[in-house]
Amino acid sequence: MIEFMKSIAKQAGAIALAGQLELQKKRIHTKGNARDLVTDTDRAVEEFICSRIREEYPQYGIFGEETGKSDSSSEYCFIIDPIDGTASFVHNLPNWCVSIGLHKNGEPIVAVVYQPSMNDLYYAEKGKGAYLNGTKLHVSACDTLVESIVGTGFFCLRAGWKEENNLKYVSRIAPLVCDLRKYGSAALDACLVARGSLDAWWELCLAPYDIAAGVLILTEAGGRITDLHGGTEFPQKGIMGSNGALHSTLLKFFEDHQDLHS
Ligand code: IPD
Ligand code: CA
Ligand code: CA
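Quick look at the structure, then. Just so it is clear, the model here is predicted, and its values are computed rather than measured. (Residues numbered from 1 in each chain as written. Chains lettered and ligands numbered in written order. Predicted model: local features only at pLDDT ≥ 70, side-chain atom pairs only at ≥ 80, totals over all residues. Heavy atoms only, no water.)

What the rule picks out here adds up to ten salt bridges. With a shortest N-O distance of 3.2 Å, arginine 54 and glutamate 47 are connected by a salt bridge. Judged by its relative accessible area of 43%, arginine 54 is partly exposed. Linked through salt bridges whose partners overlap, the residues forming this network are Arg52, Glu55 and Glu56. (Salt bridge = Lys/Arg side-chain N within 4 Å of Asp/Glu carboxyl O. Buried < 20%, exposed > 50% of the residue type's maximum accessible area, 1.4 Å probe, protein only.)

Counting 31 residues, the largest nonpolar core has Met5, Ile49, Ile53, Phe78 and Ile100 as its most contacted members. For this core, the elements supplying multiple residues, two or more each, are α1 (2-21), α2 (40-56), β5 (76-84), α3 (86-90), β6 (97-104), β7 (107-115) and β8 (120-125). Ranked by residues supplied to this core, first place goes to α1 with seven residues. Among all residues touching isoleucine 53, those that are not within four sequence positions of it are Phe4, Ile8, Pro58, Ile62, Phe78 and Ile80. (Core = buried A, V, L, I, M, F, W, Y, C linked by side-chain atoms within 4.5 Å. Helix = DSSP H or I, 4+ residues; strand = E, 2+ residues; numbered from the N terminus. Contact = heavy atoms within 4.5 Å.)

As a further point, take the coordination of the calcium ion (ligand 3). Note on the calcium ion (ligand 3): its protein donors are Glu65 (OE), Asp81 (OD) and Ile83 (O). The metal-donor distances range over 2.2 to 2.3 Å. Sequence positions of the residues that donate to the calcium ion (ligand 3) give the spacing E-x15-D-x1-I. Metal-to-metal, the separation of the calcium ion (ligand 3) and the calcium ion (ligand 2) is 3.7 Å; aspartate 81 coordinates the two. Taken together, the residues span a long stretch of sequence, with glutamate 65 in the loop between β3 (61-64) and β4 (68-69) and isoleucine 83 in strand β5 at a distance of 18 residues. (Donors = N, O, S within 2.8 Å, 3.2 Å for Na, K, Ca; no water.)

The next point concerns the coordination of the calcium ion (ligand 2). Protein-derived coordination of the calcium ion (ligand 2) comes from Asp81 (OD), Asp84 (OD) and Asp210 (OD), at a distance range of 2.1 to 2.2 Å. Between consecutive donors of the calcium ion (ligand 2), the numbers of intervening residues give the motif D-x2-D-x125-D. You can call aspartate 81 buried: its relative accessible area is 0%.

If you add up the space inside the second largest pocket, you get close to 420 Å³. His103, Gly106, Pro108, Val215 and Phe234 are, among the 20 residues lining the second largest pocket, the residues nearest its centre. For the lining of the second largest pocket, the elements supplying multiple residues, two or more each, are β5, β7, α7 (208-211) and α8 (214-220). A breakdown of the residues in the lining of the second largest pocket according to their chemical character gives twelve nonpolar, five polar and three charged. (1 Å grid on protein atoms, 1.4 Å probe; cavity = no way out; pocket = protein on both sides within 12 Å on 5 of 7 lines; lining within 4 Å. Points joined across faces, edges and corners; volume = space filled by probe spheres on them. Nonpolar A, V, L, I, M, F, W, Y, C, P; charged D, E, K, R; others polar.)

Okay, the site of ligand 1 next. Taken together, 14 residues sit near ligand 1, with Asp84, Gly85, Thr86, Phe155 and Glu203 positioned nearest. A distance of 3.4 Å separates an oxygen atom of ligand 1 from a polar atom in the side chain of aspartate 81. Here alanine 186 contributes a backbone N or O atom positioned 3.0 Å from an oxygen atom of ligand 1. The fraction of the free accessible surface of ligand 1 (380 Å²) that becomes covered by protein chains is 95%. Of all elements in the fold, only β5 and α4 (155-158) reach the threshold of two or more residues within the shell around ligand 1. Of the residues in the shell around ligand 1, the class split is four nonpolar, four polar and six charged. (Near = heavy atom within 4 Å. Polar contact = N/O pair within 3.5 Å; in protein donor to acceptor, adjacent residues only side chain to side chain. Areas by Shrake-Rupley, 256 points an atom, 1.4 Å probe, with all protein chains shown as cover.)

One open sheet accounts for eight strands, arranged β4-β3-β5-β6-β7-β8-β9-β10; its pairing is mixed. With partners counted over all chains shown, the strands left at the sheet margins are β4 and β10 (135-136), one partner each. On the sheet, α1 packs against β5, β6, β7 and β8 and is oriented at approximately 35° with respect to β7. Of the strands in this sheet, β5, β6, β7 and β8 are in contact with helix α6 (residues 186-194), which crosses β7 at around 100°. (Pairing = 2+ DSSP bridges. Axes fitted to C-alpha atoms, helices over the stretch in contact; angles between N-to-C directions.)

Under the definition given, this model contains ten aromatic pairs. Note on phenylalanine 63 and tyrosine 209: the rings are 5.7 Å apart at their centroids and 80° apart in plane angle, and the pair reads as edge-to-face. Here the residue phenylalanine 63 occupies a position in strand β3, and tyrosine 209 occupies one in helix α7, the gap between them amounting to 146 residues. Here phenylalanine 63 matches tyrosine 209 in class, with each residue buried. Between tryptophan 202 and phenylalanine 254 the ring centres are 5.7 Å apart and the planes differ by 65°, which places this aromatic pair in the edge-to-face class. (Phe/Tyr/Trp six-rings, centres within 6.5 Å; stacked < 30°, edge-to-face > 60°.)

Such coordinate-based values are descriptive only and should not be taken to indicate function.
Encoded structure:
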């Protein structure tokens, strides 16, 4: 299974890169609002991944960002974000990836994230560790805010969240950490925590396909994932992924957080 998923993620990345070279304005569309972008390439990549899954695992369920949920009673479900970081993809920035997670009864068991611009392939199987291009990953050991580099994202603003949005938490956390980063791909944020480049990352308003693969890669690298109240209802109640050492310290900044995302 892992070899199949690694192979289709790399092929999907090649399709995306080819599509990026031909990207024209007429092929860029919006979804829920003017800032939520989708391109013909997002759709072509998802169609490729789904067609390969249907060939090899026809009985398994599929949940893709662009095509929704298939009708399946299987305990297995592939969860696909064909391009995570479409805004970066459209603007020729490097931080986008193909993300494919396999869940069994709702729990992640295999995950791949491929970043074509770096030729970086992250992958994990439950209980077997997480890897980047064959090298085992481990989260950082940083345990003080002042030394930490922390990532976040702002889909909540694109979704129109007004008072209760991420700006409040950024203004609390930014003055206390070494620095913040905003890469525009939740899947890559999780992988960057897994490899120890970020010490933590949080976001308020994500969908299951944004994090289906990243959560397994991060936890298999020794990290911790919770919602913003320290529970397991992510991403509905926000998400925090960290090296573990900084987790409870960071959660304290969210004690008054109200969940708006259903
Ligand atoms: C987006 C990325 C981004 C996050 C947004 C997502 P998309 O995914 O994961 O990091 O801030 O919330 O929607 O739309 O590029 O697949
Ligand atoms: Ca996404
Ligand atoms: Ca996407």
